[in-house]
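Residue-level listing of the chains:
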Amino acid sequence: MNHVLNNNMLAAVQSGGGLMIIAAIICFLFIKEKKLGKAMKLPLLKWKFLNNDQFNFSYEKIYFLFAVLNSCHKIFLLKDAEVYPSNWWVGMKMNKIS
Amino acid sequence: MPQRMKIIALVQFFTWPGLFLMWFYYSLSVAYHVFGATSNTDPKFGEGKDFAGLTLAYYSVVTFIFAFILPFIADKLGRKLTHSICLLIGAVGLISVAFVTNKYMLFVCMTGVGIAWTSILSMPYAMLGGVLPRDKIGVYMGIFNFFIVLPEIIASFCYPG
């Protein structure tokens, strides 16, 4: 019974990998990209977020930053909920109020 | 809906169930398959789940580091090729979990997932940003996010616990 359960879970994880392969193939075959843009060009310090003239550029940079921040908060989740940044922030605010 | 958005939505549709299944079953798989737990009361089960949690945190570290490298790769290779390669690396990472015999090899698997995760969080949106009409960008982004949630609901029906 346990063997079956174990195999099913592994199969689920593996089928997740299979689905991602399908996604990669669709992405590669069907998305048409005209030219290689320099939209994500660094340096970081010169980024102008939400500048309307460069809205598309800014948009992807924001998502790039999102990837960084998302990983940061997950690293904080490693220990336990008490070090979750938003909890820390709420705690700090509550201390100020009290 | 712009043509490119339809295709990227399809890519998302297949990508997110993969992650969803990982979040659901990876820790259990590690506990039973790698640590050899026989039931959820077995001490090895807790040990396995803890270690799985550690490797899941590790993939976020990989994501953090790779997020700084990704823009350079995207500039060189183009976004669609970058995203395709990252997804393939993630897929290999997930599939290889089944072949792990030593628990430390899980870090290698999760390195692949971390690379894919970086791309998943940024590349689809970067590819989409340029083709949406500016006055409707919010609406389209909202619709686009349906394609993250819908496949997860479907996956939760297809893979009952």
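Along each chain, numbering runs from 1 in the same order as the chain's sequence is written. Each chain gets a letter, beginning with A, and each ligand a number, beginning with 1, in the order they are written. Local features in this predicted model are restricted to residues whose pLDDT is 70 or higher, and side-chain atom pairs enter the listing and the counts only when it is 80 or higher, whereas totals over whole chains, interfaces and linings include all residues. Only heavy atoms go into the side-chain values, all of them from the structure, while hydrogens and water stay out.

1. Concerning the nonpolar core
Our working definition: To qualify as a nonpolar core, a set must consist of buried Ala, Val, Leu, Ile, Met, Phe, Trp, Tyr and Cys residues joined through side-chain atoms within 4.5 Å. Only protein chains enter the calculation, and the probe is 1.4 Å; a residue is then buried if its accessible area is under 20% of its type maximum, exposed if over 50%, and partly exposed in between. Secondary structure elements follow DSSP: runs of H or I of four or more residues count as helices, runs of E of two or more count as strands, with numbering from the N terminus. Contacts were defined at the residue level, with two residues in contact if any of their heavy atoms lie within 4.5 Å.
The biggest cluster of nonpolar side chains holds 62 residues, and the ones touching the most others in it are M22(B), Y26(B), L106(B) and I120(B). Sorting the residues of this core by element identifies helix 1 (2-30) of chain A together with helix 1 (3-34), helix 2 (43-77), helix 3 (79-96), helix 4 (105-129) and helix 5 (137-158) of chain B as the ones contributing at least two each. It is helix 1 of chain B that contributes the most residues to this core, 15 residues altogether. When near neighbours in sequence (up to four residues on either side) are disregarded, Y26(B) contacts V13(A), L21(B), A52(B), T55(B), L56(B), V97(B), L106(B) and M110(B).

2. Some details on helix 4 of chain B
Heads up, the rule is: Multiplying 1.5 Å by the helix residue count minus one yields the expected span of that helix.
With 25 residues, helix 4 of chain B should reach 36 Å at 1.5 Å per residue; the first-to-last C-alpha distance of 37 Å fits that figure. Of all 25 residues making up helix 4 of chain B, 21 are buried, and the element is well covered by its neighbours.

3. Quick word on the environment of S27(B)
Residues and elements named next belong to chain B. In this fold, S27 is placed in helix 1. A sequence separation of 28 residues divides S27 from T55, and the C-alpha atoms of the two residues are 9.4 Å apart. Sequence-distant contacts of S27, defined by excluding residues within four places in its chain, comprise K49, A52 and L56.

4. A look at the packing of helix 3 of chain B against helix 4 of chain B
Residue and element names in this part refer to chain B. How we decide: To define axes, lines are fitted to C-alpha atoms, for helices over the stretch in contact only, and angles between the resulting N-to-C directions are given on a 0 to 180 degree scale. An angle below 35 degrees is read as roughly parallel, one above 145 as roughly antiparallel, one from 65 to 115 as roughly perpendicular, and any other as oblique. Handedness of a crossing follows from how the near helix is turned relative to the far one, being left-handed for an anticlockwise turn of less than a right angle and right-handed for a clockwise one. Gly counts as polar in this scheme, as do all residues outside two lists: the nonpolar Ala, Val, Leu, Ile, Met, Phe, Trp, Tyr, Cys and Pro, and the charged Asp, Glu, Lys and Arg.
Helix 4 packs onto helix 3 with a crossing angle of 150 degrees between their chain directions and a minimal axis gap of 7 Å. By the angle between their directions, the pair helix 3 and helix 4 is classed as roughly antiparallel. In the packing of helix 3 onto helix 4, the handedness of the crossing is left-handed. Across from R79, K80, T82, H83, C86, L87, I89, G90, G93, L94 and S96 in helix 3, the residues of helix 4 making contact are C109, G112, V113, I115, A116, S119, I120, M123, P124, A126 and M127. Per-class residue counts for the contact of helix 3 with helix 4 are 13 nonpolar, 7 polar and 2 charged.

5. Structural notes on the confidence of the model for chain B
Short version of the rule: Looking at any residue, its pLDDT shows the predictor's confidence there, from 0 to 100.
In the predicted model, chain B carries a mean pLDDT of 87, and 98% of its residues have values of at least 70. Averaged pLDDT values over the elements of chain B bottom out at 81 in helix 5 of chain B and peak at 94 in helix 3 of chain B.

6. Some details on the confidence of the model for chain A
All names here are of chain A. Of the residues in chain A, 28% have a pLDDT of 70 or more, and the chain-wide mean is 62. The secondary structure element of chain A with the lowest average pLDDT is helix 3 (residues 85-97), at 47, and the one with the highest is helix 1, at 83. Per-residue pLDDT stays below 50 along residues 39-55; that stretch engages in 35 contacts with residues further than four places along the chain or on separate chains. Note that residues 78-94 has pLDDT below 50 and, in this model, 9 contacts with residues that lie over four places away or in other chains.

7. A few points about the packing of aromatic side chains
Residues and elements named next belong to chain B. The following threshold applies: What counts as a ring pair is set by centres within 6.5 Å for rings of Phe, Tyr and Trp (its six-membered ring), and what kind of pair is set by the plane angle: stacked under 30 degrees, edge-to-face over 60, tilted for all other angles.
A complete count under the given rule lists 14 aromatic pairs over all chains for this structure. Seen in terms of ring centroids, F35 and F51 are 5.8 Å apart; in terms of plane orientation they differ by 50 degrees. Their pairing is tilted. In this pair, F35 sits in the loop between helix 1 and helix 2 while F51 sits in helix 2, placing the two residues 16 residues apart along the sequence. When sorted by exposure, F35 lands in the same class as F51, which is buried. With a centroid separation of 6.4 Å and an interplanar angle of 90 degrees, the aromatic rings of Y59 and W117 are classed as edge-to-face.

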